Amino acid sequence: MSDPLLGDILREKPQEADGIDSVVVVDNVPQVGPERLEKLKNVIHKIFSKFGKITTEFYPEADGMTKGYIFLEYAAPTQALEAVKNADGYKLDKQHTFRVNLFTDFDKYMNISDEWETPEKQPFKDFGNMRHWIEDPDCRDQYSVIYEAGERTAIFSNDAKEPITVEERARWTETYVRWSPKGTYLATFHQRGIALWGGEKFKQIQRFSHQGVSLIDFSPCERYVVTFSPLMDTKEDPQAIIIWDILTGQKKRGFHCESSAHWPIFKWSHDGKFFARMTPDTLSIYETPSMGLLDKKSLKITGIKDFSWSPGDNIIAFWVPEDKDIPARVTLMQMPSRQEIRVRNLFNVVDCKLHWQRNGDYLCVKVDRTPKGTQGVVTNFEIFRMREKQVPVDVVEMKESIIAFAWEPNGSKFAVLHGESPRINASFYHVKNNGKIELIKMFDKQQANSIFWSPQGQFMVLAGLRSMNGALAFVDTSDCTMMNIAEHYMASDVEWDPTGRYVVTSVSWWSHKVDNAYWLWTFQGRLLQKNNKDRFCQLLWRPRPPTLLSADQIKMIKKDLKKYSKIFEQKDRLSQSKASKELVDKRRAMMEEYRRYRETALQIYQEQKSIRLELRGGVDTDELDSNVDDWEEETIEFFINEEIIPLGDL
């Protein structure tokens, strides 16, 4: 009698699980006794308090040891969810990797039906071919252009005649844009965060909410993106720097940051497995995907000034200045073993700069020294041969001030600009296999303050940017000849395309308010285009992913290049002709239409032959010389004119 009356009230009766959606269960926790329990609690609290305020901690015990799993209660369910997302899979040490679940999930999994239910189909987001631009039949590269003082952003396909618009949008970004290292994504900046775009139509692929974001950096593998905002940091919740997973959009970890003056704060290993950060007397190396410290501890390096990863191996180079009687030193350290593979002691050091060759074959340490008993600074280039046993070091000394240094990307040459204006010299060196470094050539009295190598090596541009009025020298370093000397007045930037076929010089509105434009040149220094854009700001070439061809396949293509050259020459002639592609296509279509019509007409003509013969009494008139035997010859004479001239008049 009472049950029907109490139905509404009983339906609202509290369930056992109510109030536990803020609780998480952490499995694979170390099993410890009472003497180590307090230390374990501190470690756990430090890791999990990043996701919110922990109100209760419970460590089940048996026989005086913890059981290997714990319960943590947060102040809010959202914080518990954040802990599950970010701490599940966290590697505490080699034996313990956390598995984190919501307590409510246990109830859900306990009540799973024994009968199979077909999973609900999740909608598939098709972003199209993410590498479609590489399949361009004419091998055209793309580049982004920001103009109208940032109001408009466009993507163009590069063509020798004129750029081809791929996409153009107003207010696509609020500041600038960045391509990811392999060219898959275009990143745009907004007050609320970062957006990534890609695919054939540049659809939005992912969003990362980070208020006031001003700087970003990608991991080389394109799996992670790092964002920086000066607005977000608090002591309890580090959010100045956030590392995100690009595929899932999840926040992997946040970090504090005092200053972004030396961006990027985190430097990535070549494969994206590790990233490192330098703080006073400390080098911290983190590993992915856990985002935890490698071996749970940082490297204590007193006085560390700078560090850099090898672009080809998991090797870190760092340098430490002199300290009393201890000389300055450059150290090469293998990761993750932390084994020192080479230490180089240096004396009377003022400063060091680390320059890796793009493949990691060589490391150049530019050392500024003040030798005892002399005045002024002498520069030594300490060249580490990374691929040789025990990493031998060669030294090149220069007594003039150094303006710029750059390695040939794929080779063993390097270029140096040295001296004082107007007597600036450009020197080219070759690191030979016999343990010597040879000076190949020196050009004197150069108007240059920057070196820009082609991505494929051999060719380069020596540029005098900004204050040097945009002087340009195009050099072939195979025989060290000047291919051309030119000028782009007030040029502020030089950008090579990924193939090394073209180079762009530009005057950015961000650095100079007039003559804003970008010019396209061939690698030999022949000017192809002058593109004037209203308040042009930035041009960035879209990077290409590494080639899928093996070294042997590339060698074979180079060997058979003459076989392909006729096809390329034919294409070049076609592109250089005045007729546009549309007109050529139209002519081809008309010719094809005429050919089809002619074939049809000939077929009808043949089918009607019997009718023609019948109409003409069996006489075949299709050919001009048919029925010659029936012809009759007739001669006709015409009297045209007669004129009589008397001889006496001559």
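Cut-offs applied
- Along each chain, residue indices are assigned from 1 in the same order as the chain's sequence is written.
- Thresholds applied to this predicted model are a pLDDT of at least 70 for local features of residues and 80 or more for the giving and counting of side-chain atom pairs; totals over whole chains, interfaces and linings are not thresholded and use all residues.
- For the side-chain quantities, the full set of heavy atoms in the structure was used; hydrogens and water were omitted.
- Numbering of helices and strands runs from the N terminus; a helix is a DSSP stretch of H or I covering at least four residues, while a strand is a stretch of E covering at least two.
- Note on method: radius of gyration uses C-alpha positions; expected globular size equals 2.2 Å times residues raised to 0.38.
- When accessible area is computed with a 1.4 Å probe and restricted to protein chains, residues below 20% of their type maximum are described as buried, those above 50% as exposed, and intermediate ones as partly exposed.
- When checking whether two residues touch, look at their non-hydrogen atoms; a contact exists if any pair is within 4.5 Å.
- Per-residue and other accessible areas were derived by the Shrake-Rupley procedure at a 1.4 Å probe size, with only the shown protein chains allowed to occlude residues.
- Note that the domain bounds were set by an automatic or database domain assignment.
- Buried area adds together the accessible area that both of two parts lose upon being put together, with accessible area traced by a 1.4 Å probe.
- For salt bridges, the criterion is a side-chain nitrogen of Lys or Arg within 4 Å of an Asp or Glu carboxyl oxygen.
- Two N or O atoms form a polar contact when they lie within 3.5 Å of each other; inside protein one atom must be a possible hydrogen donor and the other a possible acceptor, and for residues adjacent in sequence the pair counts only when both atoms belong to side chains.
- By the convention adopted, Pro, Cys, Tyr, Trp, Phe, Met, Ile, Leu, Val and Ala count as nonpolar, Lys, Arg, Asp and Glu as charged, and the other residues, Gly among them, as polar.
- Buried residues of nine kinds, namely Ala, Val, Leu, Ile, Met, Phe, Trp, Tyr and Cys, make up a nonpolar core once their side-chain atoms join them within 4.5 Å.
- All tallies of charge rest on Lys and Arg as positive and Asp and Glu as negative; His and the ends of each chain are not included.
- UniProt positions are given in the numbering used here, feature names are shortened, and annotations may be inferred rather than shown by experiment.
- A strand pair is defined by DSSP finding two or more bridges across the two strands.
- In this analysis an axis means a line fitted to C-alpha atoms, helices contributing only their contacting stretch, and an angle means the value between N-to-C directions, from 0 to 180 degrees.
- By definition, disulfides here are pairs of cysteine sulfur atoms that lie within 2.5 Å.
- Paired rings are identified among Phe, Tyr and Trp, the last through its six-membered ring, by centres lying within 6.5 Å, and are further divided according to the angle between planes into stacked (under 30 degrees), edge-to-face (over 60) and tilted (the rest).
- In this scheme, Lys NZ or Arg CZ marks a charge over a ring once it lies within 6 Å of the ring centre and within 35 degrees of the ring normal.
- Here a patch means residues that are over 30% exposed by relative accessible area and free of salt bridges, tied together within 9 Å if like-charged and within 5 Å if nonpolar (Val, Leu, Ile, Met, Phe, Trp, Tyr).

**Student:** Which parts of the structure should I look at to understand the overall build of the chain?
**Tutor:** When helices and strands are tallied, the chain shows nine helices and 43 strands. The C-alpha radius of gyration computed for the chain amounts to 37 Å, which surpasses the reference 26 Å derived for 650 residues by more than 25%, pointing to a less compact arrangement than a globule. Summarising its shape, the C-alpha atoms of the chain cover approximately 155 × 105 × 50 Å along the three principal directions. With 650 residues in all, the chain has 41% of them scored as buried. Taking contacts inside the chain between residues at least 6 apart in sequence as the whole, the part at least 24 apart equals 44%. Carbon and sulfur atoms make up 51% of the accessible area of the chain, which amounts to about 39300 Å² in all.

**Student:** Sorry if this is basic, but what is going on with the domain arrangement of the chain here?
**Tutor:** For interface size, the figure often reported is the accessible area lost on association. Under the domain assignment used here, the chain contains domain 1 (20–106) and domain 2 (175–268). When each unit is reduced to the centre of its C-alpha atoms, the spacing between domain 1 and domain 2 is 29 Å. Each side of the interface is counted separately: domain 1 has four residues, and domain 2 has five residues. At the boundary of domain 1 with domain 2, total buried surface from both sides reaches about 390 Å², with 31% on carbon and sulfur atoms. Taken as a group, Lys50, Lys85 and Asn86 account for 86% of the area that domain 1 buries against domain 2, more than any other trio of residues on that side. Where domain 1 packs against domain 2, one counts zero salt bridges. Across the domain 1-domain 2 interface, the total number found is zero residue pairs in polar contact (both at pLDDT 80 or more). The class makeup of the residues in the side of domain 1 that touches domain 2 is no nonpolar, one polar and three charged.

**Student:** What exactly am I supposed to notice about helix α4 (residues 77–87) here?
**Tutor:** Side chains three or four residues apart in an α-helix point the same way, a direct result of the helix having 3.6 residues per turn. Taken as a whole, α4 has its buried residues at Ala80, Ala83, Val84, Asn86 and Ala87. Residues of α4 that are buried in the fold lie against β1 (23–27), α3 (34–48), β5 (69–74), β6 (99–102) and β17 (251–255). Directly beyond the C-terminal end of α4, a positive phi value near 90 degrees is found at Gly89.

**Student:** Teacher, can you tell me more about the nonpolar core here?
**Tutor:** One recurring pattern in soluble globular proteins: nonpolar side chains tend to sit buried together. Within the largest apolar cluster, 24 residues are counted, with the highest numbers of intra-cluster contacts made by Val24, Val26, Ile44, Phe48, Tyr74, Phe98 and Val100. Elements with a minimum of two residues in this core: β1, α3, β5, α4 and β6. Counting residues per element, this core draws most heavily on α3, at five residues. In this structure, Phe48 is in contact with Val26, Ile54, Leu72, Tyr74, Ala83, Ala87, Phe98 and Val100, ignoring residues within four places of it in sequence. Counting residues in each nonpolar core, the second largest holds 18 residues, with Cys352, Trp356, Val367 and Met386 among its members.

**Student:** Any chance you could explain the side chain of Glu287 here in plain terms?
**Tutor:** Along the chain, the position of Glu287 falls in strand β20 (residues 282–287). The side chain of Glu287 is buried and forms no salt bridge, while Lys91, the nearest opposite charge, is found at 4.5 Å. For Glu287, the contacting residues outside a window of four places in its chain are Lys91, Lys273, Phe274, Phe275, Gly292, Leu293 and Leu294.

**Student:** What is the right way to read unusual backbone geometry from this model?
**Tutor:** Most of the time, phi is negative for any residue but glycine, and the peptide bond is trans. Cis rather than trans, the peptide bond between Trp263 and Pro264 has omega equal to 0 degrees. With respect to the element layout, Pro264 can be found in the loop between β17 and β18 (267–268). Unusually for a residue other than glycine, Val391 sits at a positive phi of about 50 degrees. Mapped onto the elements of the fold, Val391 is located in the loop between β29 (378–385) and β30 (393–398). Notably, Met490 is not glycine yet its phi reads approximately 65 degrees, a positive angle. Of note, Met490 is situated in the loop between β38 (481–487) and β39 (493–496).

**Student:** Whenever I open this one, the pattern of salt bridges confuses me. Can you help?
**Tutor:** Where charged atoms from two side chains of opposite charge come close, those side chains can pair. With the rule as written, the count across this model stands at 26 salt bridges. Arg544 serves as the salt-bridge partner of Asp141, at 2.7 Å between the closest nitrogen and oxygen. In this pair, Asp141 sits in the loop between α5 (103–110) and β7 (142–147) while Arg544 sits in the loop between β43 (538–541) and α6 (551–559), placing the two residues 403 residues apart along the sequence. We classify Arg544 as partly exposed; its relative accessible area is 27%. Ionic pairing is found between Arg344 and Glu382, a salt bridge with its closest N-O pair at 2.8 Å.

**Student:** Would you take a moment to explain the UniProt feature "domain: RRM" (unreviewed entry) in the chain for this structure?
**Tutor:** With numbering matched to this structure, UniProt assigns "domain: RRM" (unreviewed entry) to residues 22–105. Taken end to end, residues 22–105 is 35% helix and 29% strand, and its two terminal C-alpha atoms sit 11 Å from one another.

**Student:** Help me understand the sheet that holds strand β8 (residues 152–157), please; the structure alone is not making it clear to me.
**Tutor:** One open sheet accounts for four strands, arranged β9-β8-β7-β43; its pairing is antiparallel. The open sheet terminates on both sides in strands that have one partner only, identified here as β9 (164–170) and β43. With direction set aside, neighbouring strand axes in the sheet form an average angle of 15 degrees. Alignment of β7 against β8, held across six bridges, turns out to be antiparallel. When the sheet's bridge partners are listed, Ile146 is paired in β8 with Thr153.

**Student:** When you look at the state of the cysteines in this model, what are you seeing that I'm missing?
**Tutor:** Formally, a disulfide is one covalent bond, and it connects the sulfur atom of one cysteine to the sulfur atom of another. Within this structure, the stated rule accounts for zero disulfides. Unpaired in terms of disulfides, Cys364 finds its nearest cysteine sulfur in Cys352, a separation of 10 Å.

**Student:** Would you take a moment to explain the packing of aromatic side chains for this structure?
**Tutor:** In this description, an aromatic ring pair is defined by two values, namely the gap between the centres and the angle between the planes. According to the stated counting rule, one finds 36 aromatic pairs in the structure shown. Consider the rings of Tyr69 and Phe71, whose centres lie 5.9 Å apart with planes at 85 degrees: the pair is edge-to-face. Look at Tyr69 and you get partly exposed, because its relative accessible area is 29%. Aromatic pair Phe405 and Phe414: ring centres 5.3 Å apart, planes at 35 degrees, arrangement tilted. Since its relative accessible area comes to 11%, Phe405 is described here as buried. A relative accessible area of 0% means that Phe414 is categorised as buried. It is Lys267 that lies over the ring of Phe307; its NZ or CZ is 4.6 Å from the centre.

**Student:** Looking at this structure, I do not really get a nonpolar patch on the surface. What am I missing?
**Tutor:** Side chains of Leu549, Ile554, Ile557, Leu561, Ile567 and Phe568 sit close together on the surface and give an oily, nonpolar patch of about 500 Å² of accessible area. Of all the secondary structure elements, the ones that give two or more residues to the nonpolar patch are α6 and α7 (561–576). The biggest single contributor to the nonpolar patch is α7, with three residues. Note on placement: Ile567 falls in helix α7.

**Student:** Whenever I open this one, the pairing of β1 confuses me. Can you help?
**Tutor:** When a strand is regular, its side chains alternate between the sheet's two faces. The buried fraction of β1 amounts to four of the five residues, a majority that puts the element mostly inside the structure. Two strands pair when backbone bridges link them, and β1 and β5 are joined in this way by five bridges, in the antiparallel orientation. Residue pairing across strands places Val26 opposite Ile70, the latter belonging to β5. Pairing between β1 and β6: four bridges, direction antiparallel.

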